2 protein chains.
Amino acid sequence: MSATLKDIAKKLGIHPATVSRALNPRTSHLVNAATVTKVRKAAAAMDYVPNPMASGLRTSRSHTIGVVIPDLTNPLFPGMVRGIQDTLSRAGYTPLLVNTDNDPDEEAHVVASLSARRVDGFILATARRDHPLLADLSERYPIVLINRVSDSVQLPSVAADEQHGIRLAVEHLYGLGHRTIAHVAGPPWSSTGHERAQAFARTMRDHGLSTAKHVAAVDGWSIDSARDVALRLLSSDPSITAVVGANDQLALGTIAAARALKRRCPRDISIVGYNDMPFMDIVDPPLTTVRVPQNEIGSEAARLILSQLVEDVVTPVKQVRLTPELVIRGSTAPLRAR
Amino acid sequence: MSATLKDIAKKLGIHPATVSRALNPRTSHLVNAATVTKVRKAAAAMDYVPNPMASGLRTSRSHTIGVVIPDLTNPLFPGMVRGIQDTLSRAGYTPLLVNTDNDPDEEAHVVASLSARRVDGFILATARRDHPLLADLSERYPIVLINRVSDSVQLPSVAADEQHGIRLAVEHLYGLGHRTIAHVAGPPWSSTGHERAQAFARTMRDHGLSTAKHVAAVDGWSIDSARDVALRLLSSDPSITAVVGANDQLALGTIAAARALKRRCPRDISIVGYNDMPFMDIVDPPLTTVRVPQNEIGSEAARLILSQLVEDVVTPVKQVRLTPELVIRGSTAPLRAR
DNA sequence: CCAGTTAGCGCAATCGATTGCAATAACCGG
DNA sequence: CCGGTTATTGCAATCGATTGCGCTAACTGG
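Each value, and the rule that gives it
- Residues numbered from 1 in each chain as written.
- Chains lettered and ligands numbered in written order.
- Predicted model: local features only at pLDDT ≥ 70, side-chain atom pairs only at ≥ 80, totals over all residues.
- Heavy atoms only, no water.
- Helix = DSSP H or I, 4+ residues; strand = E, 2+ residues; numbered from the N terminus.
- Rg over C-alpha atoms; globule rule 2.2 N^0.38 Å.
- Contact = heavy atoms within 4.5 Å.
- Lys, Arg positive; Asp, Glu negative; His and termini not counted.
- Charge placed at Lys NZ, Arg CZ, Asp CG, Glu CD.
- Pairing = 2+ DSSP bridges.
- Axes fitted to C-alpha atoms, helices over the stretch in contact; angles between N-to-C directions.
- Buried area = accessible area lost by both parts, 1.4 Å probe.
- Salt bridge = Lys/Arg side-chain N within 4 Å of Asp/Glu carboxyl O.
- Polar contact = N/O pair within 3.5 Å; in protein donor to acceptor, adjacent residues only side chain to side chain.
- Nonpolar A, V, L, I, M, F, W, Y, C, P; charged D, E, K, R; others polar.
- Buried < 20%, exposed > 50% of the residue type's maximum accessible area, 1.4 Å probe, protein only.
- Least-squares fit on C-alpha atoms with pLDDT ≥ 70 in both.
- Near = heavy atom within 4 Å.
- Core = buried A, V, L, I, M, F, W, Y, C linked by side-chain atoms within 4.5 Å.
- Domains from an automatic or database assignment.

A count of helices and strands for chain A gives 12 helices and 12 strands. Against the globule reference of 20 Å for 338 residues, chain A gives a C-alpha radius of gyration of 25 Å, more extended than a compact globule. Each principal axis of the C-alpha distribution contributes one length, and for chain A these read about 90 × 35 × 35 Å. When contacts within chain A are restricted to residue pairs at least 6 apart in sequence, those whose partners lie at least 24 apart make up 71%. For chain A, the distance from the average position of its 38 positive side-chain charges to the average position of its 33 negative side-chain charges is 5 Å.

Residues and elements named next belong to chain A. Read across the sheet, six strands follow the order S2-S1-S3-S4-S5-S11 without closing on themselves; strand pairing throughout is parallel. Where the open sheet ends on each side, the last strands, each with one partner, are strand S2 (94–99) and strand S11 (319–322). Here the average twist between neighbouring strands, direction ignored, is 20 degrees. Pairing geometry for strand S1 (residues 64–69) and S2, over six bridges, is parallel. Bridge pairing links threonine 64 to threonine 94 in S2. Here helix H12 (residues 294–310) sits on the sheet in contact with S1, strand S3 (121–124), strand S4 (143–146), strand S5 (157–160) and S11, set at roughly 165 degrees to S4.

Here we take up the interface of chain B and chain A. Counting residues at the interface gives 42 residues for chain B and 42 residues for chain A. Taken as a group, Met53, Arg117 and Phe279 of chain B account for 22% of the area that chain B buries against chain A, more than any other trio of residues on that side. Linking chain B with chain A are four salt bridges. Note that aspartate 101 of chain A is salt-bridged to arginine 82 of chain B, the shortest N-O span being 2.8 Å. At the surface where chain B touches chain A, the tally comes to 18 residue pairs in polar contact (both at pLDDT 80 or more). For the side of chain B that touches chain A, the secondary-structure elements that each account for two or more residues are helix H4 (52–59), helix H5 (76–90), strand S2 (94–99) and helix H11 (248–260) of chain B. The residue makeup of the side of chain B that touches chain A, split by class, is 22 nonpolar, 13 polar and seven charged.

The subject of this paragraph is the pattern of salt bridges. Enumeration according to the criterion identifies 26 salt bridges over all chains in this entry. The closest approach of N and O atoms between glutamate 171 of chain A and arginine 167 of chain A, which form a salt bridge, is 3.2 Å. Here arginine 167 of chain A and glutamate 171 of chain A lie together in helix H8 (residues 162–175), a separation of four residues that amounts to about one turn. A relative accessible area of 33% places glutamate 171 of chain A in the partly exposed class. Accessibility expressed as a relative area gives 23% for arginine 167 of chain A, which makes it partly exposed. Ionic pairing is found between aspartate 276 of chain B and arginine 291 of chain B, a salt bridge with its closest N-O pair at 2.8 Å. Remark: arginine 291 of chain B occurs in strand S10 (residues 288–291) and aspartate 276 of chain B occurs in the loop between strand S9 (270–275) and S10; sequence separation between them is 15 residues. For arginine 291 of chain B, a relative accessible area of 34% translates into the label partly exposed. Linked through salt bridges whose partners overlap, the residues forming this network are Asp71 and Asp101 of chain A together with Arg82 and Asp86 of chain B.

Here we come to the relation of the copies chain B and chain A. Overlay of chain B on chain A (RMSD 0.0 Å): rotation 180 degrees, translation along the axis 0.0 Å. Read as a symmetry element, the transformation amounts to a two-fold axis. The rotation axis passes nearest to the C-alpha of valine 283 of chain B in chain B, at a distance of 1.9 Å. Comparing interface residues between copies, 100% of those in chain B also sit at the interface in chain A, which points to an isologous, same-surface contact.

Attention now goes to the protein's contact with DNA strand C. Neighbouring residues of DNA strand C: 25 residues in total, closest Thr18 and Thr35 of chain A together with Leu5, Tyr48 and Arg58 of chain B. A breakdown of the atoms of DNA strand C within 4 Å of the protein gives sugar and phosphate a share of 65%. Between DNA strand C and arginine 21 of chain B, the relevant distance is 3.3 Å, taken from a base oxygen to a side-chain nitrogen or oxygen of the residue. Residue assignment for the surface near DNA strand C shows that the elements contributing at least two residues are helix H2 (16–23) and helix H4 (52–59) of chain A together with helix H2 (16–23) and H4 of chain B. For the surface near DNA strand C, the leading source of residues is H4 of chain B, giving five residues. Its residues placed into classes, the surface near DNA strand C shows 11 nonpolar, nine polar and five charged.

With that settled, consider the environment of leucine 231 of chain B. Residue and element names in this part refer to chain B. As for its placement among the helices and strands, leucine 231 is situated in helix H10 (residues 223–236). Taking relative accessible area as the criterion, leucine 231 reaches 23% and is therefore assigned partly exposed. On a C-alpha basis, the gap between leucine 231 and alanine 42 in space is 71 Å, while along the polypeptide they are 189 residues apart.

Attention now moves to the side chain of threonine 35 of chain A. Among the secondary structure elements, threonine 35 of chain A is positioned in helix H3 (residues 33–45). Not counting residues up to four positions away in its chain, the partners in contact with threonine 35 of chain A are Ile14 and Thr18 of chain A.

Let us now look at the nonpolar core. Nonpolar side chains tend to gather and get buried jointly when the protein is soluble and globular. Judged by nonpolar contacts, the single largest core of 84 residues is most densely connected at Ile146, Val158 and Ile181 of chain A together with Ile146, Val158 and Ile181 of chain B. If we skip the residues at most four places from it in the chain, isoleucine 146 of chain B touches Met80, Ile84, Ile123, Leu124, Ala125, Val158, Ile297 and Ala301 of chain B. Core analysis: the second largest hydrophobic core is formed by 30 residues, Ile143 and Leu145 of chain A together with Val110 and Leu155 of chain B among them.

A few words now on the protein's contact with DNA strand D. Close to DNA strand D lie 25 residues; Leu5, Tyr48 and Arg58 of chain A together with Thr18 and Thr35 of chain B are nearest. The sugar-phosphate share of atoms of DNA strand D within 4 Å of the protein amounts to 64%. Threonine 18 of chain B places a polar side-chain atom, nitrogen or oxygen, 2.6 Å from a phosphate oxygen of DNA strand D. One of the side-chain nitrogen or oxygen atoms of arginine 21 of chain B is found 3.1 Å away from a base nitrogen of DNA strand D. Where the surface near DNA strand D is concerned, the elements lending two or more residues are H2 and H4 of chain A together with H2 and H4 of chain B. Element by element, the count of residues in the surface near DNA strand D is highest for H4 of chain A, at five residues. A per-class count over the surface near DNA strand D returns 11 nonpolar, nine polar and five charged.

Residue and element names in this part refer to chain B. With parallel pairing, six strands are arranged side by side in an open sheet as S2-S1-S3-S4-S5-S11. Two strands bound the open sheet, and with one partner strand each, they are S2 and strand S11 (319–322). When strand polarity is set aside, the average angle formed by the axes of neighbouring strands in this sheet is 20 degrees. On top of the sheet, helix H6 (residues 104–116) reaches strand S1 (64–69), S2 and strand S3 (121–124); it is set at about 155 degrees to S2, its chief contact.

Okay, the environment of arginine 291 of chain A next. Remark: the alpha-carbon pair of arginine 291 of chain A and isoleucine 14 of chain A, spanning 277 residues in sequence, is separated by 58 Å. Apart from the residues lying within four places of it in its own chain, the contact partners of arginine 291 of chain A are Asn275, Asp276, Pro324, Glu325, Val327 and Arg329 of chain A.

Another aspect to go through is the domain arrangement of chain A. All names here are of chain A. Taken domain by domain, chain A comprises domain 1 (5–50), domain 2 (60–160 + 294–323) and domain 3 (162–292). Using only C-alpha atoms to locate each centre, domain 2 and domain 3 end up separated by 29 Å. With both chains or domains summed, domain 2 and domain 3 bury close to 1,400 Å², and 53% of this area falls on carbon and sulfur atoms. Ranking the residues of domain 2 by area buried against domain 3 places Arg129, Ala160 and Gln294 at the top, with a combined share of 35%. Here domain 2 and domain 3 share one salt bridge between them. The partner of arginine 321 in a salt bridge is glutamate 195, with the nearest N and O atoms 2.9 Å apart. At the boundary of domain 2 with domain 3, the tally comes to eight residue pairs in polar contact (both at pLDDT 80 or more). By residue class, the composition of the side of domain 2 that touches domain 3 is five nonpolar, five polar and four charged.

Written out as structure tokens, the structure is:
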């Protein structure tokens, strides 16, 4: 089909090895400059495209990166994936995307199939804290964690500064006069759920507020389960006037619960989300939320994995934290006197 | 690193070719049954994983499919991508995902880079009707179009039955008493925009309604541009009591425009969307819309491309139309007497 | 002017799997 | 018992690019 190194060599009357060296920027200095330009021109003319399987077979590098995310249909992830893609492809790498649905078995399965594909590294967005594969995998591959950190092993990661983000949310509510602030927390087995809950407790403490009985965790990130949990939380203590959701879905579920309890948001209760997914500005009410830079998380993760691949020096494990910002919309309002 | 065919052969004292044949279901009948089981067991014990680069080099099949979509962050696509992924991976294929941002140059670029990767085929979700690459590409690769059809070349495609979907929307409004129904159409250069506009005109005609001056097209699929267009459309003719948006974003933009004109939805004006993206049930007002089976579109497309790859018989070009359904929510209401 | 570099390029092996062809042995019917 | 299948396996080439090694010629400095 397409031209090969041998074709170019034959046409130019030189050896394929020379063509290979001329075309590879890393070895072209071994070839006469005139020859290099001649080869380059011929390659362009015959529109030569290197065969990645051949070079991959020889060098055992596939120039692909496995990207493991829980669920692409969760609007949190497409932005990150785009960031990853754009940065990787600029460097000649291709992401291989897979979903896990947060299922450990499925996760083991997709990781196995990616390593069968001989990926050069992994970007993992899976949230589970106690991850059996992680330690093992990180010994055999370069890895970058996104949107989470690892408790046990020290691994490179890119995530939002959860402490800062939660502080933004809590202090926004505090500034509006709220004092009885609850937290609908994410699953404790998830990194972000855990971190945000910790950050919430700490920030409340810093302001001299109690969190006893005002934190309830869901077991998934769905609106529905958040609604159930929030329903119990809100009815157990009617003095709650504000809620921080551990992500946007949980905040939306809380809004639904409030509505079911005939408590109007933001009139009777203020609710803050986290992530700022698409369309959060047009839900009812428009959601005040903490925006995390999804694209940047993705591109930074891509940069980190690339640096692990090209540099032979063992760089220290980098744990990047990106700063989120507060987006104030219509789901929060000043506390009204009762 | 990992075991190779040669390793297995050596351990068993047989030739690598025999191992290869034994492990390949298509050729294992050439090998003694006892040998096959012996080889299988040894392969499993040494956890042999075939090297796709080696086999790809020899067979020039990469077992990858290029999936070209305009923008992953458009919530319409993740569902389709999941459908594609799940079906492809079950067949041992891996999708390679890329974005184009609806930019023809970028599109040419990503297609080139995918073909450099030696993909075995393409699934294209790019919407542009006049597609210069299409004819060319389809001669060199198996192709399936999704969420669109091709005007010029006859190509396999999977899309929603737009005529049916638009009819559902229009007749829903008609049934509610609306007679002056407008259409905020998608870009005329896009396949879906064009088709839905045609379907709208035809359905209106079938009901003896005029569409003159009640159709306006946007030049992108964004909420903002729809808002501008709808603003002009609605103020040009205050008798309009209902609008069909060519997709959900356009409907949302129309809602925003109506709000700016102090016309309340659904009280003063009914608005229907198309696609039923995530969260359309919790926007304000909850959007009545036409749901297209995103997952099924994806998995059907994957099935179509796979059938082109495995079957040597030249199957006739299949153009699949999936039936959408109407989801009635809060953005539509019976026409009120003025 | 000569020994010693160095630049430039060719040779050939290699990565791991696949496959047409050949070779061997077992087996069949007559 | 023999020519001819048939079943099973081995041999070796091949896919296309990479790279260590070695060869040749030019070039350098003393």
